Amino acid sequence: MSLRLAMLMDPLGSIQPAKDSSFAMLLAAQARGWQCFVLGPRDLWLEGDRALGRLTPVQVRDDPRHWYEAGPAETVPLDPQHVDLLLMRKDPPVDMQYLALTWMLDHVKAAGVPVVNDPHGLREVSEKLYITWFPDLIPPTLVDRDPDRIRAFIARHGRVILKPLFAMGGSSVFAIAQGDSNTNVILETLTRHGTEAVMVQRFLPEIREGDKRILLIDGEPVPYALARIPSGGDHRGNLAVGGRCESVPLSARDREICARVAPRLEALGQRFVGLDVIGRHLTEINVTSPTCIRELDRLEGLDIAGTLLDALERSRP
């Protein structure tokens, strides 16, 4: 069956096709004979309660020099007469403009077009904060804007990681040890002088073995995780900041974490999810635009995007 897939994403010309999971989905869709369209945040709007989109048809190829060709854009209602499936793959930050997109996507869903991941669930599952519903799975964690309470947390745990709540890719993530002379300026910067909350977690030395990304499709984990291992003296394993990667089979603890978390995510319509695990601890739940498809496909001969699209096609009304 040829479906019409619309993907809401950052500009296709700005991606790194060898690493981009949205691109992997477009390749898999095209291989199935689906018609593929892309749109950006500026290409979605409401007229009354009706969502419209400026859709650009694309042909993609796995070529790092020339990975797509675009046809003429057309404005259409985002309803089942024009679109069979919409994938929301806009990268963070999750700011008010991102939230506005999810509210507009509620109208696409109401018109009868499946939206993945579900826009209501995207608002509910804060990628940093949602882990706090599973306190026995996560490292000691503080979410706070008060510098004095953060300093007390650092004193209790000796070394911590601080990160902003709505960024991605390891951006503005700091490691601080008790007595660090940069503590005050880091706290002032991240909390904007005590006006914005940040997440503080006990530092996990298991990061040496990698920050594992586990991908879930309809609650079922891909059997291999991508371990993102820090390079040099960096404390971050994110590939966006130079971490190297290797594939590792899921451990019993990884599967336990998946089994605990998946039902709540499924209930919120989060069909493609990335869990971040360091050692035995869940550290983040990624629902906006989870990555690592291409790396795992290359390392293990998988077709993760194809598995996802098969699941989405089977569940269509």
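Residues numbered from 1 in each chain as written. Predicted model: local features only at pLDDT ≥ 70, side-chain atom pairs only at ≥ 80, totals over all residues. Heavy atoms only, no water.

(A) Geometry of the overall build of the chain. The helix and strand inventory of the chain stands at eight helices and 18 strands. Relative to the 2.2 N^0.38 estimate, which gives 20 Å for 317 residues, the radius of gyration of the chain is 20 Å and therefore close to what a compact globule would have. Dimensions of the chain, computed from C-alpha atoms along their principal axes, come out at roughly 60 × 45 × 40 Å. Of the contacts made within the chain by residues no fewer than 6 positions apart, 66% connect residues no fewer than 24 positions apart. (Helix = DSSP H or I, 4+ residues; strand = E, 2+ residues; numbered from the N terminus. Rg over C-alpha atoms; globule rule 2.2 N^0.38 Å. Contact = heavy atoms within 4.5 Å.)

(B) Local environment of the pattern of salt bridges. Counting across every chain of the model gives 23 salt bridges. Note that Lys90 and Asp10 form a salt bridge whose closest N and O atoms lie 3.1 Å from each other. Of the two residues, Lys90 is situated in the loop between β7 (85-88) and α2 (96-110) and Asp10 in the loop between β1 (4-8) and α1 (21-31); the sequence distance between them amounts to 80 residues. In this structure, Lys128 engages Glu284 in a salt bridge whose closest nitrogen and oxygen atoms are separated by 3.7 Å. Here Lys128 is found in the loop between α3 (119-124) and β9 (141-144), whereas its partner Glu284 is found in strand β18 (residues 281-286), with 156 residues between them in sequence. Given a relative accessible area of 13%, Glu284 falls into the buried group. Among the charged side chains, a salt-bridge network with shared partners connects Asp211, Arg213, Arg228 and Asp276. (Salt bridge = Lys/Arg side-chain N within 4 Å of Asp/Glu carboxyl O. Buried < 20%, exposed > 50% of the residue type's maximum accessible area, 1.4 Å probe, protein only.)

(C) Structural view of helix α4 (residues 147-157). Residues of α4 that are buried include every one of Ile150, Phe153 and Ile154, and no others. The arc that holds every buried residue of α4, seen down its axis, measures 100°, which confines them to one face. Along α4, the residues that are exposed and aim more than 90 degrees away from the buried face are Asp148 and Arg156. Those residues of α4 that are buried are in contact with β9, β10 (159-164), β11 (174-177), α5 (183-190) and β12 (198-202). (Arc of directions from axis to C-beta.)

(D) Fine view of the packing of α1 against helix α8 (residues 304-314). Their axes nearest at 8 Å, the elements α1 and α8 cross at an angle of 65°. Note on packing geometry: the crossing formed by α1 with α8 is right-handed. Facing Ala24, Met25, Ala28 and Ala29 of α1, the residues of α8 in contact are Ala305, Gly306, Leu308 and Leu309. Its residues assigned to classes, the contact of α1 with α8 shows seven nonpolar, one polar and no charged. (Axes fitted to C-alpha atoms, helices over the stretch in contact; angles between N-to-C directions. Left-handed = near helix turned anticlockwise from the far one by under 90°. Nonpolar A, V, L, I, M, F, W, Y, C, P; charged D, E, K, R; others polar.)

(E) Molecular detail of the packing of α4 against α5. Two elements in contact, α4 and α5, have axes separated by 11 Å at closest approach and are oriented at 130°. Between α4 and α5, the interaxial angle falls into the category oblique. When you trace α4 past α5, the crossing you get is right-handed. When α4 is examined against α5, the residues Pro147, Ile150, Arg151 and Ile154 are found in contact with a partner set consisting of Thr183, Asn184 and Leu187. For the contact of α4 with α5, the residue count by class is four nonpolar, two polar and one charged. (Parallel < 35°, antiparallel > 145°, perpendicular 65-115°, else oblique.)

(F) Geometry of the packing of aromatic side chains. A full pass over the atoms with the stated rule returns two aromatic pairs. Judged by centre distance (6.3 Å) and plane angle (45°), the rings of Trp67 and Tyr68 are tilted. Judged by relative accessible area, Tyr68 falls into the partly exposed class, the value being 28%. The ring of Phe203 has Arg159 sitting right over it, with the charged end atom 3.9 Å from the ring centre. (Phe/Tyr/Trp six-rings, centres within 6.5 Å; stacked < 30°, edge-to-face > 60°. Lys NZ or Arg CZ within 6 Å of the ring centre and 35° of its normal.)

(G) Region of interest: the nonpolar core. Within the largest apolar cluster, 46 residues are counted, with the highest numbers of intra-cluster contacts made by Leu44, Leu275, Leu282 and Ile285. Leu275 has contacts with Lys212, Arg213, Ile214, Leu216, Ile257, Cys258, Val261, Leu265, Leu282, Glu284 and Ile285, leaving out every residue within four places of it along the chain. Listed in part, the 36 residues of the second largest apolar core include Met25, Leu85, Ile304 and Ala311. (Core = buried A, V, L, I, M, F, W, Y, C linked by side-chain atoms within 4.5 Å.)

(H) Molecular detail of unusual backbone geometry. With an omega dihedral of 20°, the bond running from Pro92 to Pro93 counts as a cis peptide bond. Backbone torsion omega between Val116 and Asn117 reads -5°, so that peptide bond is classified as cis. One can find Asn117 in the loop between β8 (115-116) and α3. Even without glycine at this site, His193 takes up a positive phi of about 60°. Along the chain, His193 falls in the loop between α5 and β12. Among the residues examined, His193 registers a relative accessible area of 64% and is labelled exposed. Here the phi dihedral of Cys292 falls at roughly 90°; this positive angle occurs in a residue that is not glycine. Its place among the elements puts Cys292 in the loop between β18 and α7 (293-300).

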